[in-house]
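These are the residues of each chain, in order.
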Amino acid sequence: MDFGNYQDFMLETARTLLSTDSPSGFTRRVVEKTETILRGLGYETSYSNKGSLIVHVPGREHGKRVGLCSHLDTLGLMVRSIGEKGELNLTKIGGPILPTLDGEYCRIYTRDDRVYTGTVLSLSPAAHVFDDADSRTRDEQNMYVRIDEKVKNAADVRALGIEAGDYICIDPKTVVTDRGFLKSRFIDDKGSAACLITLLKWMADTGERPRYDTELYFTVYEEVGHGGAAFAPDLIELLVVDMGCVGLDLTGTEYQVSICAKDSGGPYDYELVSRLAALAKEHGVDYAVDVFPHYTSDATVAWKAGSDVRAALIGPGVHASHGMERTHADGMRNTVELMELYLECQ
């Protein structure tokens, strides 16, 4: 595919998704925004019972059906309780690295759709006041949210409509640099979702079709471990598109598409991983094959739920995952190109 005309669309799509708060369980807004983009490209959409967005693309042949997926849900926080001074005590949604959230701006969403701003802080937030301001543990018991309202006690906070169970969404601070870097929280996995949408735009623009009937899933519970629990039972292959890991002895970089041979859930399908690597090598797609030691995906969940599907995992390399993440347009481009080769679009 000629990718040059699609890079701006891909990065702008990523920016749009990243600007929409969507911790696991609070994804309606980002799903609706994604659906609007896809319908604007001419695709019909449907939903799973749990809220995953699905696009069906007819293939040139109908002998088998394959699937691709990425996830739209992100990490986040939730109000655990309201303190006596009006502070919001918190609990994690998924696995954010809590020390990286110290000082981050956030939004608090109430059940009646009011939105307030605040800041995530240590319980010892001031160097001029607390002896342990730089050493206190940053965890759920030692951090809170300071809400930007005149509140003096828990009753003041409740009068605003804020209660335990309300979502706290972190400002992703998204930046696209003139050198092609995408810097943001939650590139895992909205960067990959932007790659899938870009592939769909290319197919819509060119009239190209995949070889086989294809289901594309945008799941909404991956970060809490059950996003991929209910793919179509007749899929024979599933290509999960999620972030690639960068660091330690891994060979992948932000500029490549990573192909995962094994993660903490076990090995991916040997033949499918080998096929993807061969396709990348043959067609000049910059790639790396790696083992991800602290990682599971929607494929792992599908297998544990009883799915008899062969699966592999690819995605753009992402640095500093679950913190202040970064990838590059080159890694995203290589991911889109490998997806296109996998689908054998003609």
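About the thresholds
Residues numbered from 1 in each chain as written. Predicted model: local features only at pLDDT ≥ 70, side-chain atom pairs only at ≥ 80, totals over all residues. Heavy atoms only, no water. Pairing = 2+ DSSP bridges. Helix = DSSP H or I, 4+ residues; strand = E, 2+ residues; numbered from the N terminus. Axes fitted to C-alpha atoms, helices over the stretch in contact; angles between N-to-C directions. Expected span 1.5 Å × (residues − 1). Buried < 20%, exposed > 50% of the residue type's maximum accessible area, 1.4 Å probe, protein only. Polar contact = N/O pair within 3.5 Å; in protein donor to acceptor, adjacent residues only side chain to side chain. Contact = heavy atoms within 4.5 Å.

Undergrad: Even after reading the chapter, I still don't get the sheet that holds strand S8 (residues 143-147), so can you show me in this structure?
TA: Strands in a sheet are paired, the pairing made by backbone hydrogen bonds, and the direction either parallel or antiparallel. Read around the closed barrel, six strands run S4-S5-S8-S7-S6-S9, paired in antiparallel fashion. Between one strand and the next, the sheet's axes are offset by a mean angle of 40°, whatever the strand orientation. Strand direction decides the pairing type here: strand S4 (residues 76-82) and strand S9 (residues 167-170), joined by two bridges, are antiparallel. Looking at S9, one finds that Met78 is bridged to Tyr167.

Undergrad: Would you take a moment to explain helix H7 (residues 329-343) for this structure?
TA: Between its first and last C-alpha atoms H7 spans 21 Å; for 15 residues at 1.5 Å apiece the expected length is 21 Å, and the two agree. Counting buried positions along H7 gives 13 out of 15 residues, so the element sits mostly inside the fold. At the C-terminal side of H7, Glu344 shows a positive phi close to 55°.

Undergrad: I would appreciate a short explanation of unusual backbone geometry in the present structure.
TA: Trans is the prevailing form of peptide bonds, just as negative phi is the prevailing case for residues other than glycine. In the segment running from Asp188 into Asp189, the intervening peptide bond is cis, with an omega of 10°. With respect to the secondary-structure elements, Asp189 resides in helix H4 (residues 187-206). Its identity as a non-glycine residue notwithstanding, Ala320 has a phi of 65°, on the positive side. Within the chain, Glu344 stands out as a residue other than glycine whose phi angle is a positive 55°. Along the chain, Glu344 turns up in the segment after H7.

Undergrad: Help me understand the side chain of Thr214 in this model?
TA: Counting through the fold element by element, Thr214 comes out in strand S12 (residues 212-219). Assessed through its relative accessible area of 1%, Thr214 is described here as buried. One polar contact links the side chain of Thr214 to the main-chain carbonyl oxygen of Tyr212, over a distance of 2.8 Å. Thr214 has contacts with Val55, His56, Val57, Val66, Leu68 and Leu343, leaving out every residue within four places of it along the chain.

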